[in-house]
Amino acid sequence: MSADLSIVRGKQTLGQRILGFFSRSVVNIILIVVAIFWLIPSVGLFLSSLRTVGDSSSSGWWTIFLEPTRITLENYANLLSNPTITGSFWNTIVIAVPTTILVVLIGSLAGYAFAWMEFPGRDWLLIAVIVLLAVPIQVALIPLAQMFGAIGIFGSVLGVILFHIAFGLPFAIFLMRNFFMQIPSELLEAARLDGASDLRIFFTVVLPLGLPAVASLAIFQFLWTWNDMLVALLFSNSQSQPLTVAIQSQLRQFGANIDVLSTGAFISMIIPLIVFFAFQRYFVQALLAGSQR
Amino acid sequence: MTQTVVTPAARETGRGDADRLSRRSRRRAILIALAFLAPALVILGALVVYPIVYTLVRSLFDASGSTFVGPENYIEMFRRESTFTAIRNNVIWVIVAPVACTVLGLVFAVLMDKIRWSTAFKLIIFMPMAISMLAAGVIFRMMFQESPQLGVVNAGVVAVHDIFVDEAAYPGANIRPDSGFAKISGAIVSDDAVNDGSTVDVPLIGIRADSLPDDVVNAQTAAPARAGEITGTVWLDFVRGGGGVNGVIDSSEAGLEGIRVEAVDNAGNVVASATTDAEGRYTITDLEPGEYVIALPPSNFDQGYQGVSWLGEAFITGVIILSYVWIWAGFAMIMIASGLSAIDRSLQEAARMDGANEWQVFRRITAPLLSPVIVVVFVTLIINVLKIFDLVYVIPPGVSKPAANVIAVEMWTVSFGGGNDQGLGSALALLLLLLVLPSMIINVRRFREERSR
């Protein structure tokens, strides 16, 4: 590739080269400006979280550069000793982790069945799953609120988890089926000839081979659940609410509590950002493999 | 159940055992498949499919759920103003947001190819996808605050505005005491009426040096007024470092440019006005003979240009869509970039060799090859935009919430946020389902095409 390029370049006239350099610099400048604009929101939030509430209500975060000595971690200390915030942080983990594990497990089992097993009505069931991909969660809010109320899990972490599993499954099944289809059939045949049961094949051959897919799905589902507000807004109460709901309840006093809002929002972003930067390759794969939610 | 199906004919031919074995194993395979599927099917059936049916039925009943009302909720849906606003806004969303995200994503993906730091660029644009819409909402609510001292967008807008428009505004200005004027509800008004042909000078104090324009010049005495005119000077009656005589235009005192001076008749009507020049002089002309009070209206002393009321009713939907684009342009970019990388480069190179320019290469080769990816991105975004909730729930302050309404938020408000009408709420939920139906059909069709290929 690079050899090709140098040959092509060699043929360019000086004029073309100058033009090329010029257009490259224009592109560079445009994209630098775009990148700066894209960064301003997050950077602004982060810098706001480093200022006292007094500073935040009298001047903008950009003045922090004029008085860098006024930077403080006070807001973080306050929030991390606030039981509502720490409790909801814990709730977020308690909701997101089991949801992710169960969606991956149940979704892979079904995905394997759709990819490698023969049963009547398979195609129609698969099409039903694809249809369910796009169902708005709004259609389930009222019925499930009643159902969960009737069986006594309305307002509990369990209700939130069940809701997320239900609406995470169509995507999980679709994604895992697509990944599992790519496993060479010889590997499965070989395992079958060795007398391995389907369950054994699933756990010893399919899942290990599909590990990148499992990682993609897990990261996607984890971020989805961690960042959810709507489901938790309805199905959790003050004891079981995740971070998003806890922060949202602060919005009514917007202006007087920039310290709580900006710091809380940033705390809620830390885990997703770590996950994102560590595993963004898998996250991208999950999106590419078909995301029509 | 599984024992009775073997036919006598099969038994007679002697191939019965093998047949039975294969049938049994087939049945066994189906059972195993069912076992693998069972958890998913039970959950999907109970928590997704059943609710859809329930919502459909519930939407035909009234608020309490006890009386059958038929299509009443669906009719009511289009009668209510809030629902109507919601539907209108959803239409705006669906037209603007997916197009904006896709176009930006396409531009970024194409340009990204030409820079060396494309990995960093990709991460920066894509990063908002990882954070919650709540956090994004908090961020954009902060950025678009009205006060230019607090909201970064208005700070920028005011800074740019002040570069191009040199508007006079003297916040906090006051009249020199005992100079024959009084401050009445923000305006500065002369105590006594004067006849036309008079000269009225207005000494102001209390103006901060940094609110004076950079090109300020010294005040000059106005020319004597002719009949039908009133003239005078508005100046800053203050010498830096002291000195000067109060109420007198001293040689080093600044003229105040751009101040509006009005002549008010006995009935209280403003009959004529003038604006001061760089030296602070004004000349009010075309006055009927008579007595007039001289007034400097409050607009001279307000805060000046304060930027745009972004979170007000007029712009709120635009701001929320912008926050959405901030999040989802990265998604479009990633998808399109991967589509680009799958395209055979030699086609483009060949076209360039044949003398095609970059635009022609893009228009004739890249864009057509990309169109399947762009359709996927577009459908995904439309489904997503129709259901938009969090951002619209979080960003608008109370007063502009009604103006920003969308169907998902309306559904929430009607069902749980005080409305408590779950019949109407169910109808709205079903409307959402109906709206994503075309995208579902596209998805299914695409899936079938892919398989038949």
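The rules behind these values
- Residues numbered from 1 in each chain as written.
- Chains lettered and ligands numbered in written order.
- Predicted model: local features only at pLDDT ≥ 70, side-chain atom pairs only at ≥ 80, totals over all residues.
- Heavy atoms only, no water.
- Helix = DSSP H or I, 4+ residues; strand = E, 2+ residues; numbered from the N terminus.
- Rg over C-alpha atoms; globule rule 2.2 N^0.38 Å.
- Buried < 20%, exposed > 50% of the residue type's maximum accessible area, 1.4 Å probe, protein only.
- Contact = heavy atoms within 4.5 Å.
- Areas by Shrake-Rupley, 256 points an atom, 1.4 Å probe, with all protein chains shown as cover.
- Lys, Arg positive; Asp, Glu negative; His and termini not counted.
- Charge placed at Lys NZ, Arg CZ, Asp CG, Glu CD.
- Pairing = 2+ DSSP bridges.
- Domains from an automatic or database assignment.
- Axes fitted to C-alpha atoms, helices over the stretch in contact; angles between N-to-C directions.
- Parallel < 35°, antiparallel > 145°, perpendicular 65-115°, else oblique.
- Left-handed = near helix turned anticlockwise from the far one by under 90°.
- Nonpolar A, V, L, I, M, F, W, Y, C, P; charged D, E, K, R; others polar.
- Buried area = accessible area lost by both parts, 1.4 Å probe.
- Salt bridge = Lys/Arg side-chain N within 4 Å of Asp/Glu carboxyl O.

J.: When you look at the overall build of chain B in this model, what are you seeing that I'm missing?
T.: Per the secondary structure count, chain B includes 14 helices and 10 strands. For 453 residues, the compact-globule formula gives about 22 Å, and the C-alpha radius of gyration of chain B, at 37 Å, lies well above that figure. Seen through its C-alpha atoms, chain B measures out along the principal axes to roughly 130 × 75 × 40 Å. With 453 residues in all, chain B has 47% of them scored as buried. Taking contacts inside chain B between residues at least 6 apart in sequence as the whole, the part at least 24 apart equals 70%. Within the structure as shown, chain B displays about 22,000 Å² of accessible surface, and the carbon and sulfur contribution to it stands at 59%. Of the side chains in chain B, 34 bear a positive and 43 a negative charge, and the two mean positions are spaced by 30 Å.

J.: Just checking my understanding: could you explain the sheet that holds strand β6 (residues 230-236) of chain B for this structure?
T.: Paired through backbone hydrogen bonds, the strands of a sheet run either parallel or antiparallel to each other. If you trace the 4 strands from one edge of the open sheet to the other, you get β1-β5-β6-β9 (chain B), paired in mixed fashion. The open sheet has two edge strands, β1 (174-175) and β9 (281-284) of chain B, and neither has a second partner.

J.: What exactly am I supposed to notice about the environment of S56 of chain A here?
T.: With respect to the helices, strands and loops of the structure, S56 of chain A is situated in helix α3 (residues 53-58). Between the alpha carbons of S56 of chain A and N257 of chain A there is a distance of 8.9 Å; along the sequence they are 201 residues apart. Those residues within four positions of S56 of chain A in sequence are excluded, and the remaining contacts are S48, R51 and I258 of chain A together with L150 of chain B.

J.: Please explain the domain arrangement of chain B as it appears in this structure.
T.: The figure often quoted for interface size is the accessible area lost as the parts come together. Domain annotation of chain B identifies domain 1 (8-49), domain 2 (72-157 + 310-452) and domain 3 (174-301). Spacing between the C-alpha centres of domain 1 of chain B and domain 3 of chain B amounts to 98 Å.

J.: Any chance you could explain the packing of helix α9 (residues 345-353) of chain B against helix α10 (residues 358-386) of chain B here in plain terms?
T.: Angle between the axes and distance between the axes are the two parameters that describe a pair of packed helices. All names here are of chain B. Packing of α9 against α10 leaves a shortest axis separation of 10 Å and a crossing angle of 155°. Considered as vectors, α9 and α10 are oriented roughly antiparallel to each other. Regarding α9 and α10, the two cross each other, and that crossing is right-handed. Residues L347, Q348, A351 and R352 of α9 touch α10, and the partners they reach there are E358, V361, I365, T366 and L369. Grouping the constituent residues of the contact of α9 with α10 by class yields 5 nonpolar, 2 polar and 2 charged.

J.: How should I be thinking about the interface of chain A and chain B in this particular structure?
T.: If you look at the interface, chain A gives 94 residues, while chain B gives 88 residues. Carbon and sulfur atoms supply 80% of the area that chain A and chain B bury against each other, a total of about 8,200 Å² over both sides. Joining chain A to chain B, the criterion identifies 0 salt bridges. Ranked by residues supplied to the side of chain A that touches chain B, first place goes to helix α14 (residues 258-288) of chain A with 15 residues. Residue classes in the side of chain A that touches chain B are distributed as 70 nonpolar, 18 polar and 6 charged.

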